[in-house]
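So the chains spell out like this:
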Amino acid sequence: LDMLSSFQIATSYPLISLFHYLKHLVRLMVKRLLHVWLNGKMMPELQNYAEARKKFLKDYGLKTVKQEFRVKSLRYWYAGTPDESCQGMAGRVLVDYKTGQWTPRYDAQLNLYDMAFSEKGGHSHDRLYVVTLNEDGTYKPKPVVKDWALGIRCVKTFEEANYRVN
């Protein structure tokens, strides 16, 4: 969690600062990996988030098929890493976990993941969820309406903004 917020902050700074933040992130990741390897368990501050994820999967009757896998759309020049693809009684479910407040861009992000996943030959998911994991071990699922056009509009808006800057 610290790593993500550090990276988001770093992307708004000049390149040299970005290098220092990335160096910091690598140190943080190594520290956490060593903790797990030496102690055989997750760092205590992350344990409740992991428990919230387990509760969500159990409550919704979902079994993990894939975790943290790369998807890309050559058609729309989009790539990302969804958190989890699951199988349940209602079909295939794509899940993205968050630890902060929900924002509308998460809906576009999940639709883009699903679109890119199906573009590379996978089957489109039947349901999409953004799940907020809370520090106290609880979770709040938000079903996302499947709307690939929303994701495409976001990509095109980004392209237009980028074109104007360059």
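Residues numbered from 1 in each chain as written. Predicted model: local features only at pLDDT ≥ 70, side-chain atom pairs only at ≥ 80, totals over all residues. Heavy atoms only, no water.

Caption draft 1: Fine view of the side chain of Asn111. Mapped onto the elements, Asn111 comes out in helix α4 (residues 105-119). Residue classification places Asn111 among the buried positions, given a relative accessible area of 0%. Polar side-chain contacts of Asn111 include one of 2.9 Å to the backbone oxygen of Asp107. (Helix = DSSP H or I, 4+ residues; strand = E, 2+ residues; numbered from the N terminus. Buried < 20%, exposed > 50% of the residue type's maximum accessible area, 1.4 Å probe, protein only. Polar contact = N/O pair within 3.5 Å; in protein donor to acceptor, adjacent residues only side chain to side chain.)

Caption draft 2: Expanded view of the environment of Thr138. Relative to the assigned elements, Thr138 resides in the loop between β6 (127-133) and β7 (139-144). Considering only alpha carbons, one finds Thr138 and Glu51, 87 residues apart in sequence, at a separation of 8.0 Å.

Caption draft 3: Representation of the environment of Pro143 in the model. Relative to the helices and strands, Pro143 is located in strand β7. Classification of Pro143 by relative accessible area gives exposed; the value is 51%. Once the C-alpha coordinates of Pro143 and Val130 are considered, the two residues, 13 residues apart in sequence, prove to be 6.5 Å apart.

Caption draft 4: Geometry of unusual backbone geometry. The backbone of Glu68 shows a phi angle near 45°, a positive value even though the residue is not glycine. Considering the arrangement of structural elements, one finds Glu68 in the loop between β1 (63-67) and β2 (71-73).

Caption draft 5: Layout of the nonpolar core. Residues Val71, Leu94, Leu110 and Tyr113 are the most contacted members of the largest nonpolar core, which totals 17 residues. Where this core is concerned, the elements lending two or more residues are α4, β6 and α5 (148-165). Looking at this core, the element that brings in the most residues is α4, giving seven residues. Ignoring anything within four residues of it in the chain, the contact list for Val71 reads Tyr78, Ala79, Gly80, Pro82, Tyr113, Ala116 and Phe117. (Core = buried A, V, L, I, M, F, W, Y, C linked by side-chain atoms within 4.5 Å. Contact = heavy atoms within 4.5 Å.)

Caption draft 6: Inspection of the confidence of the model for the protein chain at higher detail. Per-residue pLDDT for the protein chain averages 78, and the proportion of residues at 70 or more is 72%. Low pLDDT, under 50, characterises residues 1-15; the stretch is placed with 21 contacts to residues that sit more than four places away or in other chains. (pLDDT = per-residue confidence, 0-100.)

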